[in-house]
Amino acid sequence: MKVTCRFHGELNEFLPPVRRMHEFESRFKGRESIKDKIEALGAPHTEVDVILVNGRSMGFDHILEDGDVINVYPSSETPVMSGVRHLRHLPMGSPRFIADINIHDVVKMMRALGLDVLEDRTFSFEELIEISVNEGRILLSSSKELLKRKRVVHGIFIWQGDRVVQIQKIVADLSLKRMCKPFSRCLLCNTLLEFAPKEIVWERIPPKTRKRVNEFARCPACDRLYWKGTHHGKIKEKVDRILSPISLKG
Ligand SMILES: [Zn+2]
């Protein structure tokens, strides 16, 4: 038996080049859900928002039938029609995140925006999923295999390539701009920083900085000290690019 498939938008990136941007056929045997078929073709279920089967909007539990025509859409390119069932429900409001260890640069940049992103080198795949589900944290990962795990509810795949563009997209998709408080969180351990009076941290300030800087922040968990000089530079420039309205339009 076979089905005809077409992936839309960035979901094409999960397919081998010969299958991108056009219809292709795929075979199946016996009882197979559409979720298993889409994942076997390459796309984690966390990235899929709308599935049309023979023009009707269906859930992941649809069982394939011979001759089905399947269209699969990401949330950026859903079809305009009535009765569309959206399958991707990322938590809005004040979403929190958990990340796998391969995207530390993304973690650091998101923490610099003030977003709550948990990361620990010792977490196994199972622990990442467990915490993501229990704490309602969105799982950020560059591993398709991790996001394909059944128990993962909320996930965002992190592509190779420009991190600023990807974080801009996350900020736009989840309407995070207003809740970003740049440089309010420890880049090392994710804890919210506290104001540190200059006279208290005096001994720890390099002599050159003592004259120049008056505002200091300290991480209550790991004791790292922050001031403008430590943040400014490359990461400050990236934070500005992520939050600037001009770059969000582009
Ligand atoms: Zn810290």
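It should be emphasised that the depicted structure is a prediction, and the values quoted were computed from it without experimental measurement.

(A) Looking closely at the packing of aromatic side chains. Scanning the model with the defined rule gives five aromatic pairs in all. Judged by centre distance (6.2 Å) and plane angle (45°), the ring pair of Phe-7 and Phe-24 falls under tilted. On the criterion of sequence distance, the pair formed by Phe-7 in strand E1 (residues 2–7) and Phe-24 in strand E2 (residues 24–27) is long-range, its members being 17 residues apart. As far as burial versus exposure is concerned, Phe-7 and Phe-24 are alike and both buried.

(B) Structural context of the domain arrangement of the protein. When its domains are assigned, the protein resolves into domain 1 (2–77) and domain 2 (96–185). If you average the C-alpha positions of domain 1 and of domain 2, the two centres end up 25 Å apart. Across the boundary between the two partners, domain 1 contributes eleven residues, which contact twelve residues of domain 2. Both faces combined, the contact of domain 1 with domain 2 buries some 960 Å², and carbon together with sulfur accounts for 58% of it. In terms of surface lost to domain 2, no three residues of domain 1 exceed Phe-14, His-45 and Thr-46, which account for 40% of the buried area on that side. The tally of links between domain 1 and domain 2 comes to one salt bridge. One salt bridge in this structure joins Lys-169 and Glu-10, with 3.8 Å as the shortest N-O distance. On the surface where domain 1 and domain 2 come into contact, there are four residue pairs in polar contact (both at pLDDT 80 or more).

Rules used throughout
Residues numbered from 1 in each chain as written. Predicted model: local features only at pLDDT ≥ 70, side-chain atom pairs only at ≥ 80, totals over all residues. Heavy atoms only, no water. Phe/Tyr/Trp six-rings, centres within 6.5 Å; stacked < 30°, edge-to-face > 60°. Helix = DSSP H or I, 4+ residues; strand = E, 2+ residues; numbered from the N terminus. Buried < 20%, exposed > 50% of the residue type's maximum accessible area, 1.4 Å probe, protein only. Domains from an automatic or database assignment. Contact = heavy atoms within 4.5 Å. Buried area = accessible area lost by both parts, 1.4 Å probe. Salt bridge = Lys/Arg side-chain N within 4 Å of Asp/Glu carboxyl O. Polar contact = N/O pair within 3.5 Å; in protein donor to acceptor, adjacent residues only side chain to side chain.

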